[in-house]
Amino acid sequence: MSPKTITEISQQFSIEAIAVLMDKGQITQAREILSRRIIDVPDDYKARLLLRDSFLKMKPAATPTGFKSCPCCNNSFPFFLPGGPSFRPNACCPACESLERHRSLCLILKRLLHLNTKEASMIHVAPEQSLSTILRQLFEDRYYTMDLFTDADIRGDLCEMPFGTDSIDIFMANHVLEHIKDDLRAMREIYRILKPQGSALLQIPIDLSLAVTEEAPEKAPPQDLLKLFGQEDHVRQYGTDFKDRLEQSGFTVRTHICHDIITPDEIKTYGLHSDEIVWEAFKS
Ligand SMILES: [Zn+2]
């Protein structure tokens, strides 16, 4: 079938009609139509859900060669879906909605053997569902999520957290600091709540060609932030001095880069960005 024909067919079918195809056991055809629909209309959420169900219903006993695997939910698929704000191709796990950076972090976490998940406590700020599920299994009742706006175990502000000094073993916040006006205050607050030898795991959007972080002008409207930093609610673009900012806040910093830890074959299978960085900041 040519792509144009599939597009035409996918437009003719309602989601309900595709669901009927699946119920009749015509899973391959239903998947083909749904996949084309999602490539053409990446935010068709109903089509995404139905495609996810079709994969989860018909799980092969062994992972076929060339399939993509998700380390967050341990499911395998012939492809990842378009994802992220610009719906980049091959980004999003159909089952748990993890993106490249979530899957990188998940693998790096599993390989950071010094993390004592048996006794350690963990705070996860702005928790991503795809990571939260696996972290709760690892840390059990010593794992807490925190968010300022949405549902989480604890409602709290990163610049003034409701935890005692030296009380937490591991802290995590991914793609959060670029939203916070006074990020140095947030870093000092993370340092305060961590136990000595505790660590913060952080991911940020970074421009490695930028030596000095660019801050938004005072009172910049959202449309200016979108133009400057690619998102309406980002207040800066971090450069390579991100490490200096953490050190200024008292931390000793180590970086984990995807391609140093994960093989090229795995990078392909898990759908990762090879230059993804996880920052590990230790309280010394
Ligand atoms: Zn997944």
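Small disclaimer: the values here were computed from a predicted structure and weren't measured. (Residues numbered from 1 in each chain as written. Predicted model: local features only at pLDDT ≥ 70, side-chain atom pairs only at ≥ 80, totals over all residues. Heavy atoms only, no water.)

Let's shift gears to the coordination of the zinc ion. Tetrahedral coordination by four donors sets the ideal angle at the metal to 109.5 degrees; octahedral coordination by six donors sets it to 90 or 180 degrees. Each protein donor to the zinc ion is listed here as Cys70 (SG), Cys73 (SG), Cys93 (SG) and Cys96 (SG); together their distances run 2.3 Å. For the zinc ion, the four donor atoms in the first shell make angles of 106 to 115 degrees at the metal, a pattern classed as tetrahedral. Summarised as a motif, the one-chain spacing of the donors to the zinc ion is C-x2-C-x19-C-x2-C. Taken together, the positions of Cys73 in the loop between strand S1 (68–69) and strand S2 (76–77) and Cys96 in the loop between strand S4 (88–92) and helix H5 (100–111) put the pair 23 residues apart, joining distant regions of the chain. (Donors = N, O, S within 2.8 Å, 3.2 Å for Na, K, Ca; no water. Tetrahedral: all angles 85-135°; square planar, octahedral: opposite > 155°, others 65-115°. Helix = DSSP H or I, 4+ residues; strand = E, 2+ residues; numbered from the N terminus.)

A word on the domain arrangement of the protein. Per the domain assignment, the segments making up the protein are domain 1 (3–74) and domain 2 (100–283). Centre-to-centre, using C-alpha coordinates, domain 1 lies 33 Å away from domain 2. On the domain 2 side, the residues contacting the seven residues of domain 1 number 11 residues. A combined buried area of about 670 Å² lies between domain 1 and domain 2, and 65% of that area is made up of carbon and sulfur atoms. (Domains from an automatic or database assignment. Contact = heavy atoms within 4.5 Å. Buried area = accessible area lost by both parts, 1.4 Å probe.)

Turning next to the sheet that holds strand S5 (residues 122–125). Here we have seven strands laid out as an open sheet, ordered S7-S6-S5-S8-S9-S13-S12, and mixed in their pairing. Two strands bound the open sheet, and with one partner strand each, they are strand S7 (154–155) and strand S12 (251–257). Judged from the two bridges that link them, strand S6 (residues 143–147) and S7 form a sheet pairing that is parallel. Within S7, the position partnered with Asp147 by the bridge is Arg155. Sheet strands in contact with H5 are strand S8 (168–174), strand S9 (194–203), S12 and strand S13 (277–283), and its direction is about 155 degrees off that of S8. The sheet strands contacting helix H7 (residues 183–193) are S8, S9, S12 and S13, and the helix crosses S9 at an angle near 140 degrees. (Pairing = 2+ DSSP bridges. Axes fitted to C-alpha atoms, helices over the stretch in contact; angles between N-to-C directions.)

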